[in-house]
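Descriptive structure summary
Here is what each chain is made of, one letter per residue.
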Amino acid sequence: MQTVMVIDSHTAGEPTRVVLSGFPDLGTDSLAERRARFRKYFDRWRSAIACEPRGSDTVVGALLQAPVDPRCCAGVIFFNNVGYLGMCGHGTIGLTRTLWHLGRIAPGAHLIETPVGVVGVELHDDGRVSVDNVESYRAAAAVAVDVPGHGRVVGDIAWGGNWFFITGHSPAPLDLAHEPELSAFTLAVQRAIDAAGIRGDDDGIIDHIEVSGYAPDGSGARNFVMCPGGAYDRSPCGTGTSAKLACLHADGQLREGQSWLQQGILGSTFEGVFRIGERGVLPRITGRAWVTGSAEILIEHDDPFAWGIRKEA
């Protein structure tokens, strides 16, 4: 029997599972190197924590790590049902809320180390969390891809901590009632992008598809984001909002310091603003998370599904 201690939360509807203890030692080198070690030697721990029967397609795991940078209050490696994430906006908000719940941080400014760089967070007195994300930028505009059953779809390729294909094309209104059509469409776009060999910079895999439009009631912007592993983001997606801010800036539609309210498919919101960066924008995303439970995960080695029901990307 092995045990793993976790705390669960949700950010605007999207779950985060912070792993506190019980995980194998990944060493003390960089978070990127530890993530590579995690992937190579301990991937079954990922599926045990994030996949069914203990998890679900929507759970994002956040493995708490000691940071290399002494300025940081924590290090983290994000993962999900099929693999590993460079950065996770909603997960960083959930992690910050969890650290506050544990008494490890107080309201104020903090730094958190991720495999793709150090991000700043501010825990507000009212429980809101602002994340100063990694620099985000648009790598290519108006990229066309032929999607079987949907024709030619045009979108932007942008980095917000993960690679996104962002399109204004939608087969249905952006509301929860049309989730099946939106999921089928974004999964078809993902398959078409993969088949066409379309990549981000440095051959980066584009593994998030974002449909960007307006809320059905006309109250503002709304998105639908399909994440790796075939689950849609219940939140407005922090890295997706960052990538969208970069595109809006590149098109001259949003200026430095101007607020952008981004709804997700549930109607929950993130607020985004940015400063000008060297290549793109430096986004600040603000949202809220709530702690939903704590658990001791038990791994019995004669359980045929002890290491999760694995799902391929």
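For the structure itself, consult the block above.
First, a word on scope: everything that follows refers to the structure included in this document. Each residue is numbered by its place in its chain's sequence as written, counting from 1. Local features in a predicted model are, by the rule used here, given only for residues with pLDDT of at least 70; side-chain atom pairs are given and counted only at 80 or more, and totals for whole chains, interfaces and linings are based on all residues. Excluding hydrogens and water, the side-chain values take into account all heavy atoms of the structure.

This next bit is on the side chain of Asp233. Comment: elements are numbered from the N terminus, with helices defined as DSSP H or I runs of at least four residues and strands as E runs of at least two. Looking at the element boundaries, Asp233 is found in the loop between strand 13 (221-226) and helix 5 (238-250). Exposure classes here rest on a 1.4 Å probe applied to the protein chains alone. A residue is buried below 20% of its type maximum, exposed above 50%, and partly exposed in between. When charges are counted, Lys and Arg are positive and Asp and Glu negative, with His and the chain ends excluded. Criterion for a salt bridge: a side-chain nitrogen of Lys or Arg within 4 Å of a carboxyl oxygen of Asp or Glu. Buried Asp233, no salt bridge; nearest opposite-charge side chain is Arg234, N-O distance 7.4 Å. In the analysis that follows, any N or O atom pair within 3.5 Å is treated as a polar contact, provided that within protein one partner can donate a hydrogen and the other can accept it, and provided that, for residues neighboring in sequence, both atoms belong to side chains. A distance of 2.8 Å separates polar atoms of two side chains, one belonging to Asp233 and the other to Ser235. Discounting chain neighbours no more than four positions away, the residues touching Asp233 are Glu14, Val225, Cys227 and Ile265. Here, two residues are considered to be in contact whenever any of their heavy atoms come within 4.5 Å of each other.

Those residues of helix 1 (residues 31-41) lying buried are Leu31, Arg34, Arg35 and Phe38. Considered in projection along helix 1, the buried side chains sweep an arc of 105° and stay on one side of the axis. Turned more than 90 degrees away from the buried face of helix 1, the exposed residues are Lys40 and Tyr41. Where helix 1 is buried, its residues meet helix 2 (43-50), strand 3 (60-65), strand 4 (74-79), strand 5 (84-85) and strand 6 (108-114). Directions are taken from the helix axis to each C-beta atom, and the arc is the one they span.

Looking now at the packing of aromatic side chains. Stacked, edge-to-face and tilted labels apply to pairs of Phe, Tyr and Trp rings (six-membered ring for Trp) whose centres lie within 6.5 Å, assigned for plane angles under 30 degrees, over 60, and everything in between, in that order. Scanning all chains against the criterion turns up nine aromatic pairs. Their ring planes at 70° and their centres at 5.4 Å tell us that Phe38 and Phe79 sit as a pair that is edge-to-face. With Phe38 in helix 1 and Phe79 in strand 4, the pair connects residues that are 41 residues apart, well separated along the chain. Each of the two residues, Phe38 as well as Phe79, counts as buried. Every member of this aromatic cluster is reached through a ring pair, and the members are Phe23, Phe38, Trp45, Phe79, Tyr84 and Trp307. Directly above the ring of Tyr232 sits Arg234, whose terminal nitrogen or CZ lies 3.8 Å from the centroid. Charge-over-ring placement is defined geometrically: NZ (Lys) or CZ (Arg) within 6 Å of the ring centre, and within 35 degrees of the ring normal. The ring of Tyr137 carries Arg279 above its face, with NZ or CZ at 3.8 Å from the centroid.

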